[in-house]
Amino acid sequence: MRSAIILACAIVFFSSCKKFLEESPQTQYTTDNFFVDKTTLDAGIVGMYSSAKDLFGVYTNTPLFMTEIGTDEAMFKGTSGVRFNFDRYTFSVSEGSIYEYWIRHYEIAARANIVIDAATKITTISDADRKVITGEARFIRAFVYFRLVQAFGDIPIIDKPISGKFDYGLPRRPLKEVYDFILSDLTFAAQEGVLTTQKTNDGHANQWAAKTLLGKVYLTMASAKETALTKQTGKVDGYKDIAMDVKALYTKAWETLKDVKDNSGADLLPVYGDVFKIENKNVNKESLFELQFSSVVPYGTQWTKEYGMAYTGGQVNGNPVYYTNSMAGVNNLVYVPKFYTYYKKGPKEVDYDKRRVWNLSDSMINVANNAPSKLTYIWTSPYTPDAYNQSILGRCGVTKYRWGANWQTTSQYLYSNCPNNVIVLRFADVLLMFAEADYKMNGIISAEGLAAINKVRQRARGLNAGGVPVTAAETPGFNDYTAADITTDEILMERARELCFEFQRWFDLARTGKFEVFLKKNRDPGNTKIVNTATSFDPAKHYLFPIPQSEIDLSTNKENFKQNPNY
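Everything numeric in this text was worked out from a predicted model, so none of it was measured. (Residues numbered from 1 in each chain as written. Predicted model: local features only at pLDDT ≥ 70, side-chain atom pairs only at ≥ 80, totals over all residues. Heavy atoms only, no water.)

Trainee: Help me get a handle on the packing of aromatic side chains, residues and values and all.
Mentor: According to the stated counting rule, one finds 43 aromatic pairs in the structure shown. Ring plane angle 65° and centroid distance 5.3 Å describe the contact between Tyr 272 and Phe 276, whose orientation is recorded as edge-to-face. Classification of Phe 276 by relative accessible area gives buried; the value is 5%. Taken together, Phe 56, Tyr 272, Phe 276, Trp 303, Tyr 307, Phe 339, Tyr 342, Tyr 343, Tyr 401, Phe 501 and Phe 503 form an aromatic cluster joined through their ring pairs. Geometry around Phe 478 places Arg 461 over its ring, the cationic atom sitting 5.2 Å from the centre. Positioned over the ring face of Phe 518 is Arg 505, at 5.0 Å from the centre of the ring. (Phe/Tyr/Trp six-rings, centres within 6.5 Å; stacked < 30°, edge-to-face > 60°. Buried < 20%, exposed > 50% of the residue type's maximum accessible area, 1.4 Å probe, protein only. Lys NZ or Arg CZ within 6 Å of the ring centre and 35° of its normal.)

Trainee: An account of the pairing of strand β7 (residues 371-377) is requested, with residue identities and associated values reported.
Mentor: Pairing of strand β6 (residues 363-368) with β7 involves six bridges; the strand directions are antiparallel. Along β7, the bridge assignment pairs Ala 368 with Ala 371. Following β6, the chain reverses through two residues before pairing antiparallel with β7; Asn 369 in that reversal takes a positive phi of roughly 55°. (Pairing = 2+ DSSP bridges. Helix = DSSP H or I, 4+ residues; strand = E, 2+ residues; numbered from the N terminus.)

Trainee: Hey, could you go over the side chain of Asp 429 for me, with residue numbers and the actual values?
Mentor: Topologically, Asp 429 is positioned in helix α11 (residues 427-442). Take Asp 429: its relative accessible area is 0%, and that puts it in the buried class. Here Asp 429 is in contact with Lys 216, Arg 495, Leu 499 and Gln 504, once residues within four sequence places are set aside. (Contact = heavy atoms within 4.5 Å.)

Trainee: With reference to specific residues and values, describe helix α14 (residues 505-512).
Mentor: Judged by how many residues are buried, α14 sits mostly within the fold: eight of eight residues are covered. When we look at burial in α14, the residues that qualify are Arg 505, Trp 506, Phe 507, Asp 508, Leu 509, Ala 510, Arg 511 and Thr 512. Following α14 by one or two positions, Gly 513 adopts a phi angle in the positive range, close to 65°.

Encoded structure:
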């Protein structure tokens, strides 16, 4: 894989802090002489997928946290710096992480453009191979443009390799045109006879991944257009111009996601936590698409250590505990303390929802005699997520991503080089999206939609000692949903319980126009019983990120390359 990445990266790609999408060749390779056969095209595909990992890397100006913190589920525990600025919505138009988010997505799209173009010109490959290569490249291109359009709204569309001098006069294209572009790519990738329907287990997209992403795009278009049409202040008006009406979009989402639900062969794993174990990456039947990280140095990752269980200090073998502990982390990113109440609402309520037990730590690791020694309850006594201090905030560890069996285990991986994959698409999300589309299509959820969301809820109860699923009758207060229970807000609550810390929450709150609702629920500035976790979220501006100021400055088409509103 290393050699393939080097070859793919040797081609003329783009990126620099001074230049929008332009870079000079650094080697003898060009797009004209590198791609000559299937082997080199395959190398280009590997390089394309590899570059997508950079969206979740940890480095200066890392953009990985941009769609997670600043929400009702995750926050930065510190009081200054780039993470703090994103968490509290005090970032500027010149913030480096916004530029990195912008440029890294466009870099990936550029690699896809080059592969797509080359695949059309090489005559020595079969039509079947050409379809697979083009389908995978168009899937990834759609993926990054989808993330870009949600984050920035109107954006430039670049669908061909860049040759010669870059045109800085490109306009920001209307949001509806960007979505048409995304739909075209995904419709191609999802059609019969392009990508395999078999599970790939190696990071390559298959037809079901393409259909799942297509369903998510339709659902986003539907909910965001519905939100825009309510004329709420600050929502993204460009969604109003999407040609298809809201019900038709929800219907498209429903039809696409139903196909995945019924025919993909994917299913929930019996145990929620098993989805996130390193040993189950790629091979588990719930996963539909993952970005690959390797245990080979330096192709692992430390993004999971941005989360992790808190510890009380001390060292193990002369290093901080998080270096090799299977669950401890740096804790830059923690859960919002009141997010705990999405699962467990009071001190006497039993933890029936196994997702809380897996995802959110209520203890921290004590270290003694060069080893983890015991756990200390973070809330002191009694349980107080509705009234906490700064010390408690720093202990709210996220334990969703683990490097080994338990808090006492020493991981074989160094903290900076773990092979945790990023699960981009999984079957539980398909079920929840299907249920949402089903409900929104007619204003009431059907028996099929209810069965989908309750399948996720049933798994959350876990298994009993005999390995049999725990029933609703055994978990009083943690019941199956009825049709009367289902609202948009409740679906979003269930999505948070299931999908928290999977880099989806910002997108969910943005498309539904629900930032104000859920930030007030968990981060209300009027709550004087807690430390100040309130944000400066402004609904008149923060439903989009700003266009990087460097791109505004470089543009020679100022009339059609303006900044987003109120920045």
